[in-house]
Structures are given as structure tokens and as C-alpha cells.
Amino acid sequence: MLTVDNVTMRFGGLTAVNDASMQVKAGSITGLIGPNGAGKTTLFTIVSGFLKPTAGKVAFEGETITGVAAHRLAERGIGRTFQIVKPFAGLSVLENIVVGAFLRHPRRPDAERLAAAVAEKVGLGDRLDAPASSLTVAGRKRLELARALATEPRLLLLDEVLAGLNPSEVRDILPVIRSLRDDGITILMIEHVMQAVVSLCDEVFVLAQGAIIARGTPAEVVADQKVIEAYLGHGAAARLKGGEAADA
Amino acid sequence: MRTLRPYLPVLVLGVLLALAPLFVTSNVVLNFLVFTLTVALAAQGWNLLGGFGGQFSFGHAAFFGTGAYASAIWQMQLGFDAWTGFVAGTLAGALAGLVIGFLSFRAGLRGSYFALVTLAFAEVFRVLANSSEVTGGAAGLLLPLKIGAENLQFADRATFLGFVVALVIVVLLLVQWIRGSRFGAQLVALRENEEAARALGVDVLVVKLKAICLSGAITAAAGVLYLQYFLFIDSGIAYGTWISVEVLLAAIVGGLGTVLGPVVGALALHGVGELAKSLAGGLPGIDLAVYGAVLVVAVAFLPGGLVGIVRRRDRPRPVRDAAPVEGEA
Ligand SMILES: Nc1ncnc2c1ncn2[C@@H]1O[C@H](COP(=O)(O)OP(=O)(O)O)[C@@H](O)[C@H]1O
Ligand SMILES: [Mg+2]
């Protein structure tokens, strides 16, 4: 459904993404993990049309989309959330979601109906009239998700929607994400919460210093020596084995 | 009926304003109302772009003046009638909006950069109008007195006031409709956060261009009203900083991004200004000093403007706001 071919992104002298390739299968939940600063968000920014890559190609449903504007990609069915949430702070929760719903429903009653249904789905159903600025961190993450969902995407890019949530909040939202896949939405998610990656993802790509260093099922990836070293530093895999602290 | 309810406040205001001439016969008050509502109309144009869209212009005189001059030239130099002149002036404002918007929004100008560019445009237009022959140069243009409805010149002030009120109400209804529409939602969204809006499929450039065209058209219509009422314009009036400042003040004091704000703000500002003038005797510039003071008070104490006071009181938030925050086990 989504193919990233040898994408490179340079900011001046800094290479944030370095010749990265990955594929997302239709109907899957695919994970993108990696240490901070690995270039995950930058890769999302490219796929969603906010940045044009220095080199490489992105294709969505067989068509090249490199350099296509973000709003056009939203029309074509790519939805995204932002790691640093960007609520329309001056508007109510419902109105925030309505903006997304208007994309495919030009009439307000239709857009509002869809927005209310989406809010219900992500657990904001009882906060429709509250100002977005009054939401907690967890509420804002849900709002990001709801707005993106209201555009009725076929591919949804989630950038650390679980970061900053406490374990019970994470537990609440996991079934929501799983249900999206059941609705037929393909999901590509950046995530640090390994428990979520393991329980949700069919396939995982690991990005470190801009390059894809591993891919596989969650179980394969967390056992991969290169991955452990990317997270914990050089020689860590060997030390872990020696000290038998087999901790994911 | 539910869909008509949002329009009620505008209609009530319209009825009140339309009835004013029945109770007021003083020329001073009628003058005051015509002039204030003309400014209010221009301010609603500004508010569409600045209040709803968050794109603050310091140079709405560019549109006000373009409307006034286009209509004057249409009538005096080209010999057409005043009503088509009204349309021509309004369209000229939209065109000016398109040009200014295309040049600045396409270049990605925002915030103070956009504000300064609009200011620059207004100044350039003023200088051009002051030196060009077709605009009458420094002497300005004196529209020949031809009393008659067909010339958009009315024998009595009350009739002209009726025309102005009708126009204001039509524009307020339009803005109320825009507020609920997809265009309105997208405009407000890009004000709040452009990136998030783009991610939701909002074509930011197109929405901004639509907004500045409409904004320019509305403010230009006010310019035409000014011309038809005073029958005289020069570059300092039509393209002067005064109108750029007044529309911005009226919208901010009345309530940014609200439908009634610009009218309420203009009435309040001019009301207080006139009061100060009569109290202080002919102290020059007293009304401007008062405007400044009112603005400071509004910005400091009335984040939602004057309209915000009423809104907060008459629409209690649903109790569900007090419900415990979800997800916090
Ligand atoms: N617009 C930008 N300009 C310059 N450097 C950037 C920009 N965006 C990201 N970077 C840099 O690219 C690197 C990767 O960042 P990011 O993609 O946010 O990583 P991740 O999401 O994996 O934590 C970081 O070093 C970051 O500072
Ligand atoms: Mg990131």
C-alpha cells in the first residue's frame, strides 16, 4: 500500500534519513521504532507531503506521491497525527474534528454527524463541547487521532500517540487502534511503548541514525542484536547475554 | 428552524438599526450612524480575514480606497451609473485582494510580515492615487451631485441610512453563513494551526485567497458607500491609514472572529469618541486618544471583545464540562 524507496533527507549537513526503504502492507499495522533522533518523524513528514525528500521515492497505492502537497495526500487517503499535538486550541472538541470531517462531507450536518461518531469511537464522546485547550495530554492525543480519522483515511500515520500516557490510558486506547484496522484502515505507527508495538504490530521496521537496520515481526526485532545495540549502545547485546538480563 | 436560529441575532440587530430613523431625526445622529456603519462594514471585511482567518492586515485602506476610486472613476471618467459603479467598486476590491493575497500568501508571508506588506500596498496605492491624473491627483475627485435613487444619492439621510443598514445586514448574514460552512471551518482552522489544517486536507493557499478576496470586496463596498455619501474622496481619505486602523480597532474591540463584533465595536468606539469630543470641547485628537485607551482596555480585560461579555453570560456551558476527565483512573 505504501512503499518508501531509498529516501534520503538532508537538513544542511545533517542527514536525518539516509537511504531508507520500507513497505507497508494493506490491512496491516506496521511499526516504526528507533531511538530518539533516528529520523522517524522526518520520514513521516516526507510520507505525508510536508517535506520533499532530498532523494528517493514514495509511492501510495502504486502511484508516486513524492512532492505531492500534504492537503492533496489527505484527500487521497493519507491521514496523520503529530507527535507534538497541534489542537485548534480556540475551538471546541467537536469543531476540531468537524474540520477533518468536512474533507469528504461538504455539508455541516453530515460533517457533524461523522465528527460525533468519531469522537465517540476514540472516547471523547462526552467532551464534544469542551474547549480543546481544556483537554489533558491523553485527551489531546485522542483528539489528534479523532481529527485524522474524521478525514476517513485509508492509510493512517500515528506518531507516538501513546507517548506521555500512563499505563492505564495506554491500555484504554490499544483496543481503539486495533478496531481501526478491523475497519479496514492500514496503520503505520511510530511508537516507543514496546508493549504496544508487540501487541499491535504485524511487522516492525527499525530506524537508527536515519537508516533502516532491521525489519521483522516484533518478536524477531526485539531479539535482533543490531537493534539492541542501536538502543543501548555498542556491545550492549553481548553484555546483556552475559548478564542474562533478557529484558525487552 | 434549528438552522435559522444562528441568524437571529443579526436579524434583531437589523430590525433595531432599521427602526433607528423612526426615532432619530437629528442630522448629527443620522450622520453618526451612516458613518459608523460604513466603518463597521469595512471592519467586517477586515474581520473575515483577520478575525476568522488570523491574517492581520494593517492596510485595509488598500481595499476601501480601491472601492471608492474604482466607483468614482467608473462614473466620472467612464460615464456609467452609480449602481453598476457599486458593483464595479466591490469587484475591484476583490481583485485587489486577489493580487495582494497572491503575492503575499504564495510567498508564505504570515504574521507581522503579512501585516507590513499590506501596509506597504496601501501606502503605494495612496501615493499613486495622489499623483495620478485619473484619480484627480492631490485634489481628489468630487462626484457630481445628482440626487436620485438611480444615482445612489438620496435626498434625506434616513434613506441613505436604510441602504447602509440593509447592506450591513446582508454582509452579516453572509458572514454568519460562512461561519457554519466548510470554508469558514477551514479558515478558522488555519488561523489556529496551519500545519494541522493542511494535514486535514485544507488547501491553505486557496482558503486564504478566497478570504482575502471576500474581505477586500466587503471593505471596498464600504469605500463605495463613503463615496456616495460624502461625494468626495482624495488619496488621504480613501487610502489613508485612518481606515486601516479603525477597522482593526472596531473588530478587536467588538470581538475578533465574531459576526456582530465589528458592528458593536464600531458603534462603541465612535460612541465613546463622540462623547469624549463633546466633553473635552474641541480638543484636537481627543477621539484618537480615547480609541487608544479603549483598545488597551479591550485587549487587557476583554479577550473576547465586547461581544464576548454577552456570549459568556447568556450561554452557560453544559454541565458535562465538569465531568471528570476521561482516562484518569
Ligand atoms: N526541519 C528540520 N531542520 C533541521 N533538522 C531537523 C529538522 N527536522 C528534524 N531534524 C533533525 O533530524 C533528526 C531526526 O529527527 P526526528 O525525525 O524528529 O527523529 P525521531 O522522530 O526519530 O526522534 C534530528 O537530529 C533532528 O534534530
Ligand atoms: Mg519523533
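All of these numbers come straight from a predicted model, not from anything done at the bench. (Residues numbered from 1 in each chain as written. Chains lettered and ligands numbered in written order. Predicted model: local features only at pLDDT ≥ 70, side-chain atom pairs only at ≥ 80, totals over all residues. Heavy atoms only, no water.)

Trainee: I'd love a proper account of the overall build of chain A, names of residues and values included.
Mentor: Scanning chain A from N- to C-terminus turns up ten helices and ten strands. Across its three principal directions, the C-alpha atoms of chain A cover 60 × 40 × 35 Å. A separation threshold of at least 6 residues defines the contact pool for chain A, and within that pool the share at least 24 residues apart is 62%. Summed over its atoms, the accessible surface of chain A is roughly 10,000 Å², and 53% of this surface lies on carbon and sulfur atoms. Computing the positive centroid from 27 side-chain charges and the negative centroid from 27, chain A places the two 4 Å apart. (Helix = DSSP H or I, 4+ residues; strand = E, 2+ residues; numbered from the N terminus. Contact = heavy atoms within 4.5 Å. Areas by Shrake-Rupley, 256 points an atom, 1.4 Å probe, with all protein chains shown as cover. Lys, Arg positive; Asp, Glu negative; His and termini not counted. Charge placed at Lys NZ, Arg CZ, Asp CG, Glu CD.)

Trainee: Tell me about the site of ligand 1, and please be specific about residues and values.
Mentor: All names here are of chain A. Taken together, the residues surrounding ligand 1 are Phe11, Leu14, Ala16, Pro35, Asn36, Gly37, Ala38, Gly39, Lys40, Thr41 and Thr42. In this structure, Lys40 approaches ligand 1 through a main-chain N or O atom, which is 2.8 Å from an oxygen atom. Within the side chain of Thr42, one N or O atom sits 2.6 Å away from an oxygen atom of ligand 1. Against a free-state accessible area of 560 Å², the protein chains account for coverage of 59% of ligand 1. Within the residue set of the shell around ligand 1, elements represented by two or more residues are β2 (14-24) and α1 (40-47). Considering every element that reaches the shell around ligand 1, the biggest residue donor is α1, with three residues. Its residues assigned to classes, the shell around ligand 1 comprises five nonpolar, five polar and one charged. (Near = heavy atom within 4 Å. Polar contact = N/O pair within 3.5 Å; in protein donor to acceptor, adjacent residues only side chain to side chain. Nonpolar A, V, L, I, M, F, W, Y, C, P; charged D, E, K, R; others polar.)

Trainee: Provide a residue-level description of the coordination of the magnesium ion (ligand 2), including the pertinent values.
Mentor: Residues and elements named next belong to chain A. Every protein donor of the magnesium ion (ligand 2) is listed here as Thr41 (OG1) and Gln83 (OE1), and their distances to the metal cover 2.0 to 2.2 Å. With Thr41 in helix α1 and Gln83 in the loop between β6 (78-80) and α3 (93-101), this pair connects stretches of sequence that are 42 residues apart. For Gln83, a relative accessible area of 31% puts it in the partly exposed group. (Donors = N, O, S within 2.8 Å, 3.2 Å for Na, K, Ca; no water. Buried < 20%, exposed > 50% of the residue type's maximum accessible area, 1.4 Å probe, protein only.)

Trainee: If you had to explain the sheet that holds strand β3 (residues 29-33) of chain A to someone new, which residues and values would you point to?
Mentor: The strands that make up a sheet are held in pairs by hydrogen bonds between backbone atoms, and each pair lies either parallel or antiparallel. All names here are of chain A. Read across the open sheet, the six strands follow the order β6-β7-β8-β3-β9-β10; overall the sheet is mixed. Lying at the two open borders of the sheet, with one neighbouring strand each, are β6 and β10 (211-216). Direction aside, neighbouring strands of the sheet carry axes that sit 20° apart on average. (Pairing = 2+ DSSP bridges. Axes fitted to C-alpha atoms, helices over the stretch in contact; angles between N-to-C directions.)

Trainee: Kindly report on helix α5 (residues 111-131) of chain B, identifying the contributing residues and their values.
Mentor: All names here are of chain B. For α5, with 21 residues, the first-to-last C-alpha span of 31 Å sits near the 30 Å given by 1.5 Å per residue. Those residues of α5 that fall on the buried side of the exposure criterion are Phe114, Ala115, Thr118, Phe121, Ala122 and Ala129. Angular distribution of buried residues about the axis of α5 spans 120°; they occupy a single face of the element. Across α5 from its buried face, at more than 90 degrees, point the exposed residues Ser112, Tyr113, Leu116, Leu128 and Ser131. If you follow the buried residues of α5, they end up packed against α2 (27-52), α3 (61-76), α4 (82-106), α9 (204-230) and α10 (235-238). (Expected span 1.5 Å × (residues − 1). Arc of directions from axis to C-beta.)

Trainee: Outline the UniProt feature "transmembrane region" (unreviewed entry) in chain B, supporting the account with residue identities and numerical values.
Mentor: All names here are of chain B. According to UniProt, the "transmembrane region" (unreviewed entry) feature falls on residues 7-24, 30-49, 56-76, 82-105, 160-178, 209-233, 245-268 and 288-310. Along residues 56-76 the backbone is 76% helical and 0% strand, and the end-to-end C-alpha distance reaches 34 Å. Strand forms 0% of residues 160-178 and helix 100%; the C-alpha atoms that close the span are 27 Å apart. (UniProt positions renumbered as here; feature names shortened; annotations may be inferred.)

Trainee: Explain the pattern of salt bridges to me, using residue names and the numbers behind them.
Mentor: Residues and elements named next belong to chain B. Under the criterion given, the structure shown has 18 salt bridges over all chains. Residues Arg126 and Glu123 are paired through a salt bridge, measuring 3.0 Å at the closest nitrogen-oxygen approach. Here Arg126 and its partner Glu123 are both found in helix α5, three residues apart, which amounts to about one turn of the helix. By relative accessible area, which is 26% here, Arg126 ends up partly exposed. Here Glu274 and Lys277 are joined by a salt bridge, their closest N and O atoms 3.5 Å apart. (Salt bridge = Lys/Arg side-chain N within 4 Å of Asp/Glu carboxyl O.)

Trainee: Talk me through the sheet that holds β2 of chain A; I want residue IDs and the actual numbers.
Mentor: All names here are of chain A. In space, the four strands of this open sheet follow the order β2-β1-β4-β5, with antiparallel pairing throughout. Since the sheet does not close on itself, it has two edges, and those belong to β2 and β5 (63-64), each with one partner. Bridge count between strand β1 (residues 2-11) and β2: seven bridges; the pairing is antiparallel. Directly across from Met9, in β2, lies its bridge partner Val17.

Trainee: Pulling in residues and values, what's your account of the environment of Ala196 of chain A?
Mentor: Residue and element names in this part refer to chain A. Here Ala196 shows up in helix α7 (residues 194-200). Judged by its relative accessible area of 0%, Ala196 falls in the buried class. In this structure the C-alpha to C-alpha distance between Ala196 and Val122, which are 74 residues apart in sequence, comes to 17 Å. Beyond its immediate stretch of four places on either side in the chain, Ala196 contacts Leu162, Leu174, Glu191 and Cys201.

Trainee: Quick rundown of the environment of Ser28 of chain A? Include the residues and the values.
Mentor: Residues and elements named next belong to chain A. Structurally, Ser28 is set in the loop between β2 and β3. The class for Ser28 is buried, based on a relative accessible area of 8%. Sequence spacing of Ser28 and Leu114 is 86 residues, and the spatial spacing of their C-alpha atoms is 24 Å. Excluding its chain neighbours within four sequence positions, the residues that come into contact with Ser28 are Thr186, Ile187 and Asp202. Among the polar contacts listed, one links the side chain of Ser28 to the side chain of Thr30, at a separation of 2.9 Å.

Trainee: Describe the confidence of the model for chain A, and please don't skip the residues or the numbers.
Mentor: Any residue range with low pLDDT should be treated as having predicted coordinates unsuitable for detailed reading. Overall, the predicted model of chain A reaches an average pLDDT of 92, with 94% of residues at or above 70. Note on residues 244-248 of chain A: pLDDT is under 50 here. Beyond four places in sequence and across chains, it has one contact. (pLDDT = per-residue confidence, 0-100.)

Trainee: Explain the packing of helix α5 (residues 137-150) of chain A against helix α6 (residues 167-182) of chain A to me, and be specific about the residues and the numbers.
Mentor: Residue and element names in this part refer to chain A. Contact geometry for α5 and α6: axes closest at 12 Å, N-to-C directions at 5°. The orientation of α5 relative to α6 falls into the category roughly parallel. Packed against α5, whose contacting residues are Ala138, Arg142, Leu145 and Leu149, the element α6 presents Glu169, Asp172, Ile173, Val176 and Leu180 at the interface. The residue inventory of the contact of α5 with α6, partitioned by class, reads six nonpolar, no polar and three charged. (Parallel < 35°, antiparallel > 145°, perpendicular 65-115°, else oblique.)

Trainee: So what's going on with the packing of aromatic side chains? Residues and values would help.
Mentor: Enumeration according to the criterion identifies 21 aromatic pairs over all chains in this entry. Ring centres of Tyr226 of chain B and Phe230 of chain B lie 4.5 Å apart, and the angle between their planes is 35°; this geometry places the pair in the tilted category. Of this pair, Tyr226 of chain B and Phe230 of chain B both sit in helix α9, four residues apart, which is roughly one turn of the helix. With centroids separated by 5.0 Å and ring planes inclined at 90°, the aromatic side chains of Tyr229 of chain B and Phe230 of chain B adopt a geometry described as edge-to-face. Judged by its relative accessible area of 16%, Tyr229 of chain B is buried. Put simply, the rings of Phe35, Phe64, Trp83, Phe86, Phe154, Phe160, Phe163, Tyr226, Tyr229, Phe230 and Trp242 of chain B touch in pairs and so form one group of aromatic residues. When the ring centre of Phe88 of chain A is taken as origin, the NZ or CZ atom of Arg147 of chain A, which lies over that ring, is 4.5 Å away. (Phe/Tyr/Trp six-rings, centres within 6.5 Å; stacked < 30°, edge-to-face > 60°. Lys NZ or Arg CZ within 6 Å of the ring centre and 35° of its normal.)

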